[in-house]
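Remarks on the overall topology
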Amino acid sequence: MLKSEKTHRAGSVFLWIGIIFAIVTLIAGLIHTTYYNWMPFELIFELPFEILLEYVLIGAGVTLIFLCIAWICYGVARSQARKETDLIFGEDDYCFEDEEYELEPVATKKSAGETVKAIKEKVITVAKDEKVQKVGMVVLPAVAACIVTAAIATAAQNSKKAKRRREFYRWLG
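Heads up: these notes are all about the structure in this document. Here the structure is a predicted model, which means the values were calculated and not measured. (Residues numbered from 1 in each chain as written. Predicted model: local features only at pLDDT ≥ 70, side-chain atom pairs only at ≥ 80, totals over all residues. Heavy atoms only, no water.)

**Side note on the overall build of the chain**
Of regular secondary structure, the chain possesses four helices and zero strands. For the chain, buried positions account for 12% of its 173 residues. Put simply, 62% of the contacts in the chain that link residues at least 6 apart link residues at least 24 apart. Carbon and sulfur atoms form 67% of the exposed surface of the chain, whose accessible area is close to 15100 Å². (Helix = DSSP H or I, 4+ residues; strand = E, 2+ residues; numbered from the N terminus. Buried < 20%, exposed > 50% of the residue type's maximum accessible area, 1.4 Å probe, protein only. Contact = heavy atoms within 4.5 Å. Areas by Shrake-Rupley, 256 points an atom, 1.4 Å probe, with all protein chains shown as cover.)

**A look at the packing of aromatic side chains**
A complete count under the given rule lists four aromatic pairs for this structure. Taken together, a centroid distance of 5.5 Å and an interplanar angle of 15° make the contact between F21 and F66 stacked. Separated by 45 residues along the polypeptide, F21 in helix α1 (residues 3-35) and F66 in helix α2 (residues 53-88) bring together distant segments of the chain. Here the aromatic residues F14, F21 and F66 are joined through ring pairs into a cluster of three or more. (Phe/Tyr/Trp six-rings, centres within 6.5 Å; stacked < 30°, edge-to-face > 60°.)

**A look at the side chain of S4**
With respect to the helices, strands and loops of the structure, S4 is situated in helix α1. The residues contacting S4, other than those within four sequence positions of it, are A77, Q80, A81 and E84.

**Remarks on the side chain of T63**
Mapped onto the secondary structure, T63 falls in helix α2. Those residues in contact with T63 that lie beyond four places of it in its chain are G18, F21, A22 and T25.

**Structural notes on the environment of L53**
Looking at the secondary structure, you find L53 in helix α2. It is 7.8 Å that separates the C-alpha atoms of L53 and G29, two residues lying 24 residues apart in sequence.

**Some details on α2**
Helical geometry note: an α-helix holds 3.6 residues per turn, so side chains three or four residues apart project in the same direction. End to end, α2 covers 52 Å across 36 residues, agreeing with the expected 52 Å (1.5 Å per residue, within 8%). Residues of α2 that are buried include every one of V56, G59, T63, F66, A70, C73, A77 and E84, and no others. (Expected span 1.5 Å × (residues − 1).)

**Here we look at a positive patch on the surface**
On the surface, K160, K161, K163, R164, R165, R166 and R170 cluster together into a patch of positive charge. One can find R164 in helix α4 (residues 130-172). (Patch = residues over 30% accessible without salt bridge, like charges linked within 9 Å, V, L, I, M, F, W, Y side chains within 5 Å. Salt bridge = Lys/Arg side-chain N within 4 Å of Asp/Glu carboxyl O. Lys, Arg positive; Asp, Glu negative; His and termini not counted. Charge placed at Lys NZ, Arg CZ, Asp CG, Glu CD.)

**Comments concerning the environment of L15**
Within the secondary structure, L15 sits in helix α1. Sequence separation between L15 and F66 is 51 residues, and the spatial gap between their C-alpha atoms is 6.6 Å. Not counting chain neighbours up to four residues away, the residues in contact with L15 comprise L67, A70 and Y74.

**Notes on the environment of A77**
With respect to the helices and strands, the residue A77 is situated in helix α2. When neighbours within four sequence positions are excluded, A77 is seen to be in contact with S4, T7 and H8.

In structure tokens:
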């Protein structure tokens, strides 16, 4: 069994648990509203316990948690399935006998050194562009000014807090 199938099953389990909690919470909410005469009909029988609003809210929260976990599991299963299909179907499986189909070969994994070299070459070619240099001459000083302004504002705010704290301690004695 593939990892994506296991993750998808786990997502299904969490989804069903979330649906069951949603139904139970809905029933508890309806009983809570009828108990406090918020609904036009009344309960036929008396309950031996009281359903508080906190119980309904806790049930809604648990329902949300389980549904979010299911959603996350489904997303992870999808990404795992994509990776598994790329591993299962290599570039050798994409060749045809006829020449009328032109397919690009699947990119093979590069080593870390080759990837870093390719990135450096790309950065160098982009940095040599005149438009990038003009934009850089405007953007870099603006970013530096924003960072300096933020640092000064933070320092001023911290000094004000420290001054108020000292005055408070003096006032305490």
